[in-house]
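Results of the structural survey
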Amino acid sequence: MIRPLAFALICATPAAADVASVMSNNVLPDFAKFDTVAAQMAETAATDCSIETMRPQYNAVFDAWMNVQHLRIGPTENGALNIAFWPDERGFTAKTLSTMIADTDPLIDDAEGFAASSIAGRGLFALEMLLFDDRFDGYDADSYTCAYVQRVAANIAREAHAQSTDWQDRYALIIQGQGDGETLPIVSDADAFATLYSQIVNSLEFTADSRVGRPLADFARPRPTRAEAWRSDRSLRNIVLAVDTVYAQAVELMGAPLPATAQAVAEFHDAANAIPDPSFSDLADNSQAWLKLQILGQKVDGVKNAVSNEIGAVMGISAGFNASDGD
């Protein structure tokens, strides 16, 4: 007997909805790129830890991460926090870095121990603070802070390689229905489709609620320093990359054009292009900046609603669907 969702997938779309295409054209090459650029950053840091050299490397890795960060399933369900600990509600990253540096903690000499240490002291947001915060970025080449930068870069490369390898060798097989029921669990085509769809919608919700909503706060008291990666002027860039990535995957997943979603994405880009400050630091003293960011959040919601109508409603899938993560 054909399950109702599977029947909907068969009947609803003119082109074959293809989880395998998302894996081969989006997810796996994006993880491979993340792995590659993270390794390049670690190699660079080992010979030149200066902020002038490391800042472009950091941005390249963050760009690559934004193409995969929304996939909170399988290897990245928990592993994502090893790369990006945000939001950091209580300022643990600054506290951890300050303590480690003040104590010249020898933990940075132990790759295994560092990889198991607090997520607040490693990953992209720890690296951002080391490279862009004036409490930390004045270090010398022979300093403890330089060695810390090198360890964080190496640990990001280690995590990127582990996640990319696990996706390539294990979870991509599960999500494509190639599990054997023993070493790899079996996931149906319908459940795999619904799982990837949910990742798309959940990412758009997170972008609207956190990447836009946290700095926006309210009109009387905006909070620009709650924006993601504001120190490195990446707040707006991360929002744009997050939306563009899931839109590309939505089209690939549906196997058909999504005209309403395409229009919503175009309107989103118009709103993004109207924002002059990529870090949102002008929110506190510029009411127009606040209104423009509010509009951007509405446009992200517009993309989410279009995806929900053109994929979720057509396929009969709830955005809250959760399939087996394969672990």
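Remember, it's a predicted structure, so these values are computed and weren't measured experimentally.

**Topic: the confidence of the model for the protein**
Model confidence for the protein is summarised by a mean pLDDT of 92, while 92% of its residues fall at 70 or above. Per-residue pLDDT stays below 50 along residues 321-327; that stretch engages in 17 contacts with residues further than four places along the chain or on separate chains.

**Some words on the state of the cysteines**
Applying the stated criterion across every chain, the model contains one disulfide. Each sulfur in the disulfide pair Cys49 and Cys146 lies 2.1 Å from the other. Across the S-S bond of Cys49 and Cys146 the torsion is about -115 degrees, and the bridge reads as left-handed. Taken together, the positions of Cys49 in the loop between helix H2 (19-47) and helix H3 (51-66) and Cys146 in helix H8 (residues 144-175) put the pair 97 residues apart, joining distant regions of the chain. According to the relative accessible area criterion, Cys49 is buried, its value standing at 5%. We classify Cys146 as buried; its relative accessible area is 2%.

**Here we look at unusual backbone geometry**
For the bond running from Trp86 to Pro87, omega is 0 degrees, close enough to zero to count as cis. With a phi close to 40 degrees, Thr104 is a non-glycine residue in the positive phi region. Note that Thr104 resides in the loop between helix H5 (92-103) and helix H6 (111-115). Under the relative-accessibility criterion, Thr104 is labelled partly exposed at 46%. With a phi close to 55 degrees, Ala229 is a non-glycine residue in the positive phi region. Relative to the helices and strands, Ala229 is located in the loop between helix H9 (189-216) and helix H10 (235-254).

**Looking at the environment of Ser21**
By secondary structure assignment, the location of Ser21 is in helix H2. Taking the relative accessible area as the measure of exposure, Ser21 reaches 16% and is therefore buried. Separated by 288 residues in sequence, Ser21 and Asn309 have C-alpha atoms that sit 22 Å apart. What Ser21 contacts, discounting residues up to four positions off in sequence, is Asn26 and Glu252.

**Some points on helix H11 (residues 259-273)**
Note: α-helices contain 3.6 residues per turn, so residues at a spacing of three or four share the same orientation. The first and last C-alpha atoms of H11 sit 21 Å apart over 15 residues, in line with the 21 Å expected at 1.5 Å per residue. Among all positions in H11, only Thr261, Ala264, Val265, Phe268, Ala271 and Ala272 are buried. Projected down its long axis, H11 shows its buried positions confined to an angular sector of 115 degrees, all on one face. Residues of H11 that are exposed and angled more than 90 degrees away from the buried face: Pro259, Asp270 and Asn273. For H11, the elements touching its buried residues are H10 and helix H12 (287-315).

**Structural notes on H8**
Spanning 32 residues, H8 covers 43 Å between terminal C-alpha atoms, matching the ideal 46 Å at 1.5 Å per step. Along its length, H8 reaches its greatest deviation from straightness, about 50 degrees, at Trp167.

**Some details on the pattern of salt bridges**
Overall, the coordinates contain eleven salt bridges when judged by the stated rule. For Arg234, the salt bridge identified is with Asp63, shortest N-O distance 2.7 Å. Of this pair, Arg234 sits in the loop between H9 and H10 while Asp63 is found in helix H3, placing the two residues 171 residues apart along the sequence. Among the salt bridges present, the one from Arg158 reaches Glu112, with a minimum N-O distance of 2.9 Å. Taken together, the residues span a long stretch of sequence, with Arg158 in helix H8 and Glu112 in helix H6 at a distance of 46 residues. Residue Glu112 is classed as exposed on the basis of its relative accessible area of 53%. Here the residues in one salt-bridge network are Asp63, Arg234 and Arg237, joined through shared partners.

Here is what the cut-offs are and how they apply
- Per-chain numbering applies: the sequence of each chain, read as written, is numbered from 1 onward.
- Reporting of local features is limited, given that this is a predicted model, to residues whose pLDDT is at least 70; pairs of side-chain atoms are given and counted only at 80 or more, and all residues count toward the totals for whole chains, interfaces and linings.
- Only heavy atoms go into the side-chain values, all of them from the structure, while hydrogens and water stay out.
- Every residue gets a pLDDT, meaning the predictor's confidence in that residue, from 0 to 100.
- Contact criterion: two residues are considered in contact whenever any of their non-hydrogen atoms come within 4.5 Å of each other.
- Count a disulfide wherever a pair of cysteine sulfur atoms falls within 2.5 Å.
- Comment: elements are numbered from the N terminus, with helices defined as DSSP H or I runs of at least four residues and strands as E runs of at least two.
- The cut-offs for exposure are 20% and 50% of the maximum accessible area for each residue type, with area from a 1.4 Å probe on protein chains only; residues under the lower value are buried, those over the upper are exposed, and the others partly exposed.
- A helix is expected to span 1.5 Å multiplied by its residue count minus one.
- Our arc is simply the arc of the directions from the helix axis toward the C-beta atoms.
- Values of bend correspond, residue by residue, to the angle between axes fitted over the seven residues ending at that residue and the seven starting there.
- Salt bridges, as used here, are contacts in which a Lys or Arg side-chain nitrogen is within 4 Å of a carboxyl oxygen on Asp or Glu.

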